[in-house]
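Commentary on secondary and tertiary structure
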2 protein chains.
Amino acid sequence: MTEPTTRRGRERKSAIVGAAATLMYERGVRATGLDEVLAAAGCGKSQLYHYFSSKDELGAAVLEHQLALVLGELGQYRPDTWGGIRAWFDALLEGQAKRGFRGCPVGALAVEMSAAGGKSQQRVAEAFARWETTVAEGLEGMRQQGKLTSSARPGALAQATLASIQGGYLLSTAHHDIGPMRAALTAAYARLRSFA
Amino acid sequence: MTEPTTRRGRERKSAIVGAAATLMYERGVRATGLDEVLAAAGCGKSQLYHYFSSKDELGAAVLEHQLALVLGELGQYRPDTWGGIRAWFDALLEGQAKRGFRGCPVGALAVEMSAAGGKSQQRVAEAFARWETTVAEGLEGMRQQGKLTSSARPGALAQATLASIQGGYLLSTAHHDIGPMRAALTAAYARLRSFA
DNA sequence: CGGTAACTGTACTACTCGGTCCAGCATCGC
DNA sequence: GCGATGCTGGACCGAGTAGTACAGTTACCG
């Protein structure tokens, strides 16, 4: 609700969002109690309601936080080169295994928040739109550089790629095995290469 | 817990699972209260605990119910022919739109249940394994008929296909738009055709 | 250094939800 | 018909949860 003005305030708010992000990612949004979040963040309830008007708004901040994480990682690579895409895919696989097969930091929240309807669903749609746009821009760059045929549709390709990523995460999480995600990303990469 | 022996008993149990399936699919597992389920099924709490020992077991029955739905639909087509696969994909798209972009009947539950851990997660893994096997068997048939090259790996292809389906559902649900799912399934089909 | 506003801890409330219990009703073999 | 068993309704309980109230502390600014 209120934006923090002091250094301490900013740190507290950030700690709350961080703790909430971890717990909601691991257990799910609805399964995470505010008391747990506060205990993990090491502060009381008044702070939470000083900065957020409801659990819903905290969820929105968490979604934003997780999206920034994902886009930040993507930003470390060149999504307009074949090597960059490949490296990004490898990083996704490694991250999923390292985090214990808990799924996509954004996608895991997305399913629950989409079902909730209302503003939550709208926020999820926007988050994915930003992710899709980032990927599509990379593909558009490749098309202009002649690395992709002019018949390639960056928007649709970006959506199909993201779908493979999300589906790969989902199956990998269900099986607690990286295999399905690797198969999904291999297929996604081959699909992109077919337009080279 | 107890299996019903009379006709009335079977109908009641079936009504409970059906109502729970609808509600859990629409709102999520944890967001669905037992009282809501019972109200929708038109019976009291003692029935539920006469047939199920916990909400968790009810969830397992719902998952089974939804998987049967999905496999039943798949069974209407010939998953070892190009036309059959195409028709199946079209049916998936149509179903998603018709049900109001609520996602995959199985996948929507899967995310929440996987995060819950324990037996729930195991059951989800098994459900997807059965789905994957069914698709893989179709592809294996195609390979033996020479419709797919011998280098094609039915298991991995089935996983990649399912990943595209799940990811397509997820994005389509987030955007409330069939476009992303269509893009995902188009890519999945093209990937399969590349082994023709 | 002093006042103001931001920040913080915690007790409390109102409510929801999973699960239990028990008394009563239907059903079916004999 | 009649007992045994399966089925049914709903009141009840305890745990947990989102959100509030309020009094006290800390940090910034002139």
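These notes cover the structure that comes with them. From a predicted model like this one, the values you see are computed outputs, not experimental measurements.

**Focus: the overall build of chain A**
- When helices and strands are counted, chain A shows 9 helices and 0 strands.
- Along chain A, from the amino end to the carboxyl end, the secondary structure elements read α-α-α-α-α-α-α-α-α.
- Along the first, second and third principal axes, the C-alpha atoms of chain A reach 55 × 35 × 30 Å.
- Within chain A, the fraction of its 196 residues that count as buried is 43%.

**Let's talk about the interface of chain B and chain A**
- Taken residue by residue, the interface counts 37 residues in chain B and 37 residues in chain A.
- Per-element accounting of the side of chain B that touches chain A gives the leading share, 15 residues, to helix H8 (residues 154-175) of chain B.
- Each residue belonging to the side of chain B that touches chain A can be placed in one class, and the counts come to 21 nonpolar, 12 polar and 4 charged.

**A closer look at the relation of the copies chain B and chain A**
- Relative to chain A, chain B is turned by 180° and slid 0.0 Å along the rotation axis, the superposed coordinates differing by an RMSD of 0.0 Å. On this basis, the relationship between the two copies can be described by a two-fold rotation axis. Closest to the rotation axis within chain B is the C-alpha of Gly167 of chain B, separated from it by 2.0 Å.
- Take the interface residues of chain B: 100% of them recur as interface residues in chain A, which is what a same-surface contact looks like.

**Considerations on the nonpolar core**
- Grouped together as the largest cluster of nonpolar side chains are 112 residues, with contacts concentrated most on Ala20 and Leu109 of chain A together with Ala20 and Leu109 of chain B.
- Dropping the residues within four chain positions of it, Ala20 of chain B is found in contact with Thr32, Val37, Leu58 and Val62 of chain B.

**With respect to unusual backbone geometry**
- One non-glycine residue, Phe101 of chain A, lies in the positive phi region at around 60°.
- Structurally, Phe101 of chain A is set in the loop between helix H5 (82-98) and helix H6 (107-116).
- Its 18 C-beta neighbours within 10 Å are what place Phe101 of chain A among the partly exposed residues.
- One non-glycine residue, His176 of chain B, lies in positive phi territory at about 50°.
- Relative to the assigned elements, His176 of chain B resides in the loop between H8 and helix H9 (179-193).
- In this structure His176 of chain B comes out as partly exposed when scored by C-beta crowding, with 13 C-beta atoms within 10 Å.

**Points about the environment of Ala15 of chain A**
- Checked against the element boundaries, Ala15 of chain A lands in helix H1 (residues 7-27).
- A sequence separation of 23 residues divides Ala15 of chain A from Leu38 of chain A, and the C-alpha atoms of the two residues are 9.2 Å apart.

**Focus: the packing of helix H8 (residues 154-175) of chain A against helix H7 (residues 118-144) of chain B**
- As a packed pair, H8 of chain A and H7 of chain B sit with axes 8 Å apart at the nearest point and diverge in direction by 120°. By the angle class used here, H8 of chain A and H7 of chain B are oblique. Contact residues: Leu171, Ala174 and His175 of chain A in H8 of chain A; Val124, Ala125 and Phe128 of chain B in H7 of chain B.
- Its residues assigned to classes, the contact of H8 of chain A with H7 of chain B comprises 5 nonpolar, 1 polar and no charged.

About the criteria used
Residues numbered from 1 in each chain as written. Chains lettered and ligands numbered in written order. Predicted model: local features only at pLDDT ≥ 70, side-chain atom pairs only at ≥ 80, totals over all residues. Helix = DSSP H or I, 4+ residues; strand = E, 2+ residues; numbered from the N terminus. Buried ≥ 20, exposed ≤ 12 C-beta atoms within 10 Å, placed from the backbone. Contact = placed C-beta atoms within 7 Å. Nonpolar A, V, L, I, M, F, W, Y, C, P; charged D, E, K, R; others polar. Least-squares fit on C-alpha atoms with pLDDT ≥ 70 in both. Core = buried A, V, L, I, M, F, W, Y, C linked by C-beta atoms within 7 Å. Axes fitted to C-alpha atoms, helices over the stretch in contact; angles between N-to-C directions. Parallel < 35°, antiparallel > 145°, perpendicular 65-115°, else oblique.

Function-wise, these values are silent; they only describe arrangement.
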